[in-house]
Each structure stands twice: as C-alpha cells, then as structure tokens.
Amino acid sequence: YGCGVTAQITVTEHNFREDDFVFDSTPAAPKLAWKHEGDVHTASMAFESDNMYLIRCAYTDLAGNAADEEGLTKEFVIDRTAPMLAIAGVTDGSANSGEVTPVITALDLNLASDAVEISVVTGRGQLIENTIDTAVIDDGSGVGYIFTLTDMTNKADDIYYLTVTECDKAGNDATLTYRFSLNRNGSAYDFADLIRLMENQY
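Residues numbered from 1 in each chain as written. Predicted model: local features only at pLDDT ≥ 70, side-chain atom pairs only at ≥ 80, totals over all residues. Heavy atoms only, no water.

1. Regarding the side chain of Thr122
Filter applied, for reference: Secondary structure elements are taken from DSSP: a helix is a run of H or I of four residues or more, a strand is a run of E of two residues or more, and numbering for both begins at the N terminus. Burial here depends on accessible area, computed with a 1.4 Å probe over protein chains only, as a share of the maximum for the residue type. Under 20% is buried, over 50% is exposed, and the range in between is partly exposed. Contacts: residue pairs with any heavy atoms within 4.5 Å of one another.
With respect to the secondary-structure elements, Thr122 resides in strand S10 (residues 116–122). With relative accessibility at 3%, the residue Thr122 sits in the buried group. Setting aside residues no more than four positions away along its own chain, Thr122 makes contact with Ile128, Asp158, Ile159, Tyr160 and Tyr161.

2. With respect to the nonpolar core
Threshold: In this description, a nonpolar core means a group of buried Ala, Val, Leu, Ile, Met, Phe, Trp, Tyr and Cys residues linked to one another through side-chain atoms lying within 4.5 Å.
Counting 21 residues, the largest nonpolar core has Ile87, Ile104, Val120, Met152, Tyr160, Leu162 and Phe180 as the members making the most contacts within it. Listed by contribution, the elements that provide at least two residues to this core are strand S7 (84–88), strand S9 (103–108), S10, strand S13 (143–149), strand S14 (158–167) and strand S15 (173–182). Considering each element in turn, this core owes the most residues, 4 residues, to S15. Residues within four places of Met152 in sequence aside, it is in contact with Val100, Pro102, Val120, Asn130, Tyr160, Phe180 and Leu182. Of all hydrophobic cores here, the second largest spans 17 residues; its members include Ala7, Val11, Phe21 and Trp34.

3. Notes on the side chain of Asp158
Spelled out, the test is: Distance and chemistry together define a polar contact, namely a pair of N or O atoms within 3.5 Å, with one atom able to donate a hydrogen and the other to accept it when in protein, and with adjacent residues in sequence counting only for side-chain atoms on both sides.
Position of Asp158 relative to the elements: it lies in strand S14. On the accessibility criterion, Asp158 (8% relative accessible area) is buried. There is a polar contact of 2.3 Å between the side chain of Asp158 and the side chain of Arg124.

4. Here's the deal with the pattern of salt bridges
Just so we agree on the cut-off: Take a side-chain nitrogen of Lys or Arg and a carboxyl oxygen of Asp or Glu: if they are within 4 Å of each other, that pair is a salt bridge.
Summed over all chains, the structure comprises 7 salt bridges. The closest approach of N and O atoms between Arg80 and Glu48, which form a salt bridge, is 3.7 Å. Separated by 32 residues along the polypeptide, Arg80 in the loop between strand S6 (73–78) and S7 and Glu48 in the loop between strand S4 (40–47) and strand S5 (51–59) bring together distant segments of the chain. Judged by its relative accessible area of 42%, Glu48 falls in the partly exposed class. With a closest N to O distance of 2.3 Å, Arg124 and Asp158 form a salt bridge. Residue Arg124 is located in the loop between S10 and strand S11 (127–128), and its partner Asp158 is located in strand S14; the two are separated by 34 residues in the primary sequence. By relative accessible area, Arg124 is classed as exposed at 66%. Connected via shared salt-bridge partners are Glu48, Asp50 and Arg80.

5. Brief notes about unusual backbone geometry
A cis amide bond links Thr26 to the next residue, Pro27, at an omega of -5°. Tracing the sequence through the fold places Pro27 in the loop between strand S2 (21–26) and strand S3 (34–37).

6. Points about the sheet that holds S3
The criterion, for reference: A pair of strands is considered paired only if DSSP assigns at least 2 bridges between the two. Note on geometry: axes are C-alpha line fits, over the in-contact stretch for helices, and angles between N-to-C directions span 0 to 180 degrees.
The 3 strands are arranged S1-S4-S3 in an open sheet whose pairing can be described as antiparallel. Edge positions in the open sheet fall to strand S1 (5–12) and S3, since each of these has one partner strand only. Between one strand axis and the next, the sheet turns by 20° as a mean value, whatever way the strands run. Across 4 bridges, the pairing between S3 and S4 is antiparallel. Looking across to S4, one finds that His36 is bridged to His41.

Given below as structure tokens:
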C-alpha cells in the first residue's frame, strides 16, 4: 500500500467477551478498542508507518467453538517512500568526445525490474534503441537493479535526453532525466528551448 491502512475486525457473537479475543501483530500494536452493536462487535486499528506488518486474530466462544481460521491472518506492507534513482557514467549537461556508458541505479524496498522504464531521445524527438544490461543488487537497504547502456558510445553525434522512470509495487514513482551530447565531429545543436519559446509567443 502507498498510504496508511486501517484494519477493521468484526466478530458476530451473542455472548462476546473481549478477553477471549486473541490479537497479535508484528510490530506490536496498542490494545484494541471495541464497539458493540447487538451481536456485532468491531475494532479498528490504523497502520501509518512504512513497514511490513503481520496481524493474527483468534476467538473461541463460551461454548468452546473456535472461529474459522481462514482469513484471520493478514500480511501487508506500507511503502510511501519514492524509489531512489541515480545515473553515473555521464554528466547532466555535458558534451562528450570520448566513451559514454550511462549506468542507472534504481533502488526500492518493493521494486520489480519490469517497473523501470528507460528511454533515450534525441533533441529532435527521435527515440533511440539501446542495448541494456541488467544486474540485480541488494545493499541491505532495499532491492535494486543496475542498468548499463552498453552501446551509447557508438551513437551518432547529437543531443540526447536519457529519461528513467520507475514505479514500485505501492504506486510510488520517480523520474530522472539527463541531457548530454556526443560531440566528436563538430558541434551539435538543440532547438528544443527555442521551439518552446516560439510556442509561447504565437
């Protein structure tokens, strides 16, 4: 979940006793506060902090009948932290006459490799195909991936926009864009800012 979660427990029992209800959570949670309406008894508990949670419930009535265990154990994760993105191997705003090998690092506690999108577009809006090597990393603070654009050096002289977007399993997203040029045979020009200025004038 990308937001706080409120768990609601409902027990339907004529002879309900709060002391007979067993509630356990990891991390530990405060004691439940019950509301009673006839034979229906409810308790709510809010979980707000980023963490992995496990809650277990059990109840046995005065006659010794135990509630069905199905659905009485819930495990879930709250993750409201945006993924971490970094680009190495090229400097934002740089002009490059030598080797350029962009290396993208994407880190998050709840991340899948197919949730990372990488695109390279020229200053004229042309999408460039790249060979990308993928490696899995785990630095102890979360699962991550390293993506290496191995053939960027071989591209033609031009202005390039490298954009990385990722979205974790909780729906938190992050985007990072680097602008750089390959400039080995003369100047490369980018009219994107001029075009935007003209659009604002007419």
